[in-house]
Structure formats: C-alpha cells, structure tokens
Amino acid sequence: MELVLNNGVTMPALGLGVYQSAPEETTAAVATALQTGYRHVDTAAMYFNEREVGEGIRRSGVPREQVFVETKVWVSDYGYDETQHAFDKAAAKLGVDRIDLLILHQPATDRFDRTVAAYRGLEKLLADGKVRAIGVSNFMRHHLDELLARTEVVPAVNQIELHPYFSQPDVQKADDEHGILTQAWSPIGGITFYPGWGADRKNVLEDPAVGAVATAYGKTPAQILLRWQLQHGRSAIPKSTNPGRIAENFAVFDFELTAGDMSRIDALDLGVRNGPDPDVPRTELFNRVIPEATT
Ligand code: A2P
C-alpha cells in the first residue's frame with residue numbers, strides 16, 4: 001500500500017522501525033524485512049544504526065531504488081549548514097547518494113530558531129535533489145504553526161507517537177489541515193513495554209477490546225493495530241528484530257476492519273503520552289554529538 005506525499009512522491013505506508021534495534025541485530029532485521037516484502041525503513045542518526053540499515057539493504061538483494069529510506073537529523077546538528085552536513089553524514093553511513101525522506105527528529109524548544117534554520121537546511125537539500133521529501137517528527141500544532149510561518153515547504157510527514165492509547169487527535173487534525181501525512185511511531189504501543197520506560201504502563205496489545213477484535217478476524221492484536229493505522233490513512237513503522245514478528249506485522253493487507261471495529265479502537269484513547277513531551281527540552285541529550293561518517 002502506497003501513500004502519496006504532498007509533493008507527489010510515493011511512500012510505502014508500512015515501514016520497518018529500528019528504534020532500539022541493537023546495531024548487531026539491525027542488519028539482519030532490515031534484510032529480513034526487505035525479503036519479506038517491506039520496502040520502507042525508518043531510522044535516525046540518534047539511533048546510531050544507520051550503517052547497519054545500509055548494510056541490511058545491500059544484504060537483502062533488493063535494489064536500492066526499490067527501498068524508501070527515511071532518517072532523522074538529530075538536534076545537535078540543527079542549523080542551516082549543520083543540517084546540510086548532517087545529510088552528508090547520514091548518506092555516507094547509509095551508503096546512499098540520496099535519502100528518500102529526511103526529517104527533523106523533534107522540535108527543540110530551547111533553540112527553536114535553530115530548529116527553523118535546520119528546516120531551511122532541509123529545504124535546500126530538497127532543492128538540490130539530495131532528498132526526495134522532507135518533514136518533521138514530534139511536532140505539535142503550535143510547533144507546526146510557527147515553523148510554517150517561517151519556512152516555504154510544507155513538511156511531507158510528521159512522525160508522532162501514535163497508538164490507540166495516545167492518538168493525538170489535535171496533532172492529526174493540524175497535520176490534515178496542512179496536507180501533512182501523519183506517520184505513527186510506536187504504532188503498536190511498543191513504547192509502553194520498552195525496558196526502562198516504566199513498568200506501570202498499560203500495554204495496548206493486551207487491551208481486551210483489541211483482543212476481541214483480533215479473535216473475531218483471526219488476526220493478532222499487533223495486526224489489528226497496524227490495520228487500524230493503515231485504514232486511517234497513516235503511515236506506520238512497527239519495530240521488530242524478530243523474523244516471525246517482522247512477517248506478522250507485514251501480513252495486514254488481506255483483511256479490512258469494519259467501521260464499527262475502527263471506532264471501537266478509536267475509543268481507547270487515554271490522552272496520555274508515554275514517550276517524551278516535545279515541549280520539554282532535554283538539553284544533555286540534544287547536545288549529544290552525532291559522529292562523522294569517517295570516524
Ligand atoms: P521485538 O523486536 O522483539 O519484536 P513499536 O514499534 O510499537 O514501538 O513496538 C515495538 C516493540 O514491540 C518491540 O519491543 C518489539 O519487540 C515488539 N513487537 C513488534 N512486533 C510485535 C508483534 N507483532 N507482537 C508483539 N510484540 C511485537
């Protein structure tokens with residue numbers, strides 16, 4: 001299933017996520033996913049596994065031009081020139097000439113001017129043909145409003161925390177109003193069970209309503225959640241390093257949820273964020289340096 005971005009570029013709706021994929025596992029996960037049929041991989045400079053993603057693409061045997069490669073610029077590389085150099089670093093690590101979608105990892109509220117300058121750097125990369133589309137991640141409505149007032153190119157994508165327990169209707173609405181595609185990170189709610197993210201959090205994969213829908217369709221809860229994302233017209237990038245689950249997460253194109261079941265899942269929103277609040281600066285983390293490709 002392909003989505004058409006606001007600049008006409010097409011992007012496979014479902015991609016492999018590699019956040020918290022250990023470098024040594026990432027190459028195998030990417031190769032497996034591409035051999036399974038995925039054609040989109042989402043990484044980030046801050047995940048420190050772009051090299052392994054590139055290696056996985058080459059190892060898969062799938063031609064580079066058939067794979068949609070998405071990565072993110074980290075905050076320490078924000079700035080007009082810095083962000084253009086961040087492209088060089090990412091492209092060299094990935095082993096590609098062009099990146100399909102390059103996005104800002106998050107708004108940096110302790111340096112929003114630099115965030116805007118970084119976005120202008122993305123606009124330049126787009127104009128130079130080094131990237132096919134540009135966008136943002138973790139932007140809320142007010143961040144988008146400010147960015148759009150100060151830049152030219154409307155982001156193609158806004159990648160946000162989005163699963164049934166936190167579906168961010170206001171951000172989705174803001175994205176829709178501007179023609180920005182919403183892309184879900186933590187699309188099956190994985191953020192609630194990553195180690196270190198708080199043992200008291202509820203896992204949406206164990207939600208009884210999701211379980212009941214899964215039983216009715218003979219599908220797994222993860223498949224139901226991914227189908228829910230896709231039927232809403234979103235992109236989703238589930239992370240897995242497990243070959244069985246990588247395949248499971250891609251087997252979501254042979255069934256359709258009814259409007260009633262979609263609404264049942266929509267109704268689960270708790271309005272409570274599990275990941276970091278984009279308005280709270282994390283200065284120490286923001287300043288973490290992304291190594292040069294040569295080091
Ligand atoms: P693993 O890599 O061992 O499969 P999210 O993308 O929503 O953040 O979810 C990622 C988390 O969910 C990871 O911990 C991943 O672990 C796990 N996961 C991925 N796919 C499935 C699945 N189909 N069923 C259960 N857990 C899954």
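Look up a bit, the structure's there.
Residues numbered from 1 in each chain as written. Predicted model: local features only at pLDDT ≥ 70, side-chain atom pairs only at ≥ 80, totals over all residues. Heavy atoms only, no water.

1. Overview of the overall build of the protein
Helix and strand content of the protein: eleven helices and ten strands. A globule of 295 residues ought to have a C-alpha radius of gyration of about 19 Å, and the protein, at 18 Å, matches this closely. Structurally, the protein occupies a C-alpha span of about 55 × 40 × 40 Å along its principal axes. Counting over 295 residues, the protein shows a buried share of 55%. Taking contacts inside the protein between residues at least 6 apart in sequence as the whole, the part at least 24 apart equals 76%. Taking the average location of the 29 positive side-chain charges in the protein and that of its 40 negative ones, the two points are 3 Å from each other. (Helix = DSSP H or I, 4+ residues; strand = E, 2+ residues; numbered from the N terminus. Rg over C-alpha atoms; globule rule 2.2 N^0.38 Å. Buried < 20%, exposed > 50% of the residue type's maximum accessible area, 1.4 Å probe, protein only. Contact = heavy atoms within 4.5 Å. Lys, Arg positive; Asp, Glu negative; His and termini not counted. Charge placed at Lys NZ, Arg CZ, Asp CG, Glu CD.)

2. Brief notes about the pairing of strand S8 (residues 157-161)
Most of S8 sits inside the fold, with five of its five residues counted as buried. Pairing geometry for strand S7 (residues 131-137) and S8, over two bridges, is parallel. Its bridge partner lying in S8, Ser-137 is registered against Gln-159. What joins S7 to S8 is helix H5 (residues 141-150), and the crossover it makes is right-handed. With five bridges connecting them, S8 and strand S9 (residues 181-185) associate as parallel partners. (Pairing = 2+ DSSP bridges. Right-handed = clockwise from strand over helix to strand, strands pointing away.)

3. Section: helix H9 (residues 243-250)
Along H9, the residues classified as buried are Ile-246, Asn-249 and Phe-250. One side of H9 holds all its buried residues, which, seen down the axis, span an arc of 100°. Buried residues in H9 make contact with strand S3 (16-17), helix H1 (23-36) and helix H8 (221-231). For H9, the N-terminal cap is Asn-242; the gap from its side-chain oxygen to the backbone nitrogen of Gly-244 is 2.9 Å. (Arc of directions from axis to C-beta. Polar contact = N/O pair within 3.5 Å; in protein donor to acceptor, adjacent residues only side chain to side chain.)

4. Points about unusual backbone geometry
The phi angle at Phe-48 is positive, at roughly 55°, despite the residue not being glycine. Secondary-structure assignment places Phe-48 in the loop between strand S4 (40-42) and helix H2 (50-60). Owing to a relative accessible area of 31%, Phe-48 belongs among the partly exposed residues under this scheme. Even without being a glycine, Ser-186 presents a positive backbone phi close to 55°. Within the secondary structure, Ser-186 is located in the loop between S9 and helix H7 (208-217).

5. Re the site of the ligand
The ligand sits among 18 residues. The nearest are Gly-190, Lys-239, Ser-240, Arg-245 and Asn-249. Between Pro-187 and the ligand, the recorded distance is 3.3 Å, taken from a backbone N or O atom to an oxygen atom. Within the side chain of Ser-240, an N or O atom sits 2.6 Å from an oxygen atom of the ligand. When the free accessible area of the ligand is taken as 570 Å², the share hidden by the protein chains comes to 85%. The pocket occupied by the ligand, as judged from atoms lying within 2 Å of grid points, is the largest pocket. If you tally residues by element for the shell around the ligand, the top one is H9, at three residues. Across the shell around the ligand, the residue classes tally to eight nonpolar, seven polar and three charged. (Near = heavy atom within 4 Å. Areas by Shrake-Rupley, 256 points an atom, 1.4 Å probe, with all protein chains shown as cover. 1 Å grid on protein atoms, 1.4 Å probe; cavity = no way out; pocket = protein on both sides within 12 Å on 5 of 7 lines; lining within 4 Å. Sits in = over half its atoms within 2 Å of the grid points. Nonpolar A, V, L, I, M, F, W, Y, C, P; charged D, E, K, R; others polar.)

6. What to know about the packing of H2 against helix H3 (residues 80-94)
H3 packs onto H2 with a crossing angle of 40° between their chain directions and a minimal axis gap of 7 Å. By the angle between their axes, H2 is oblique relative to H3. Between H2, through Glu-50, Arg-51, Val-53, Gly-54 and Arg-58, and H3, the contact on the second element is made entirely by Ala-90, Lys-93 and Leu-94. Here the residues of the contact of H2 with H3 sort into three nonpolar, one polar and four charged. (Axes fitted to C-alpha atoms, helices over the stretch in contact; angles between N-to-C directions. Parallel < 35°, antiparallel > 145°, perpendicular 65-115°, else oblique.)

7. Notes on the nonpolar core
With 86 residues, the main nonpolar core has Leu-5 and Ile-99 as its most contacted residues. In contact with Ile-99, other than residues within four places in its own chain, are Arg-64, Val-69, Thr-71, Phe-87, Ala-90, Ala-91, Leu-94, Lys-130, Val-131 and Arg-132. (Core = buried A, V, L, I, M, F, W, Y, C linked by side-chain atoms within 4.5 Å.)

8. Considering the packing of aromatic side chains
Across all of its chains, the model carries six aromatic pairs by this definition. Centroid distance Tyr-19 to Tyr-47: 5.1 Å. Interplanar angle 45°. Geometry classified as tilted. Highlighted residues: Tyr-19 in the loop between S3 and H1 and Tyr-47 in the loop between S4 and H2, separated in sequence by 28 residues. With relative accessibility at 29%, the residue Tyr-19 sits in the partly exposed group. Aromatic pair Tyr-217 and Phe-255: ring centres 5.9 Å apart, planes at 55°, arrangement tilted. Pair noted here: Tyr-217 is in helix H7 and Phe-255 is in the loop between H9 and helix H10 (259-266), with a separation of 38 residues, a long-range link. (Phe/Tyr/Trp six-rings, centres within 6.5 Å; stacked < 30°, edge-to-face > 60°.)

Note that every value here comes from positions in space, so none of it alone points to a role or purpose.
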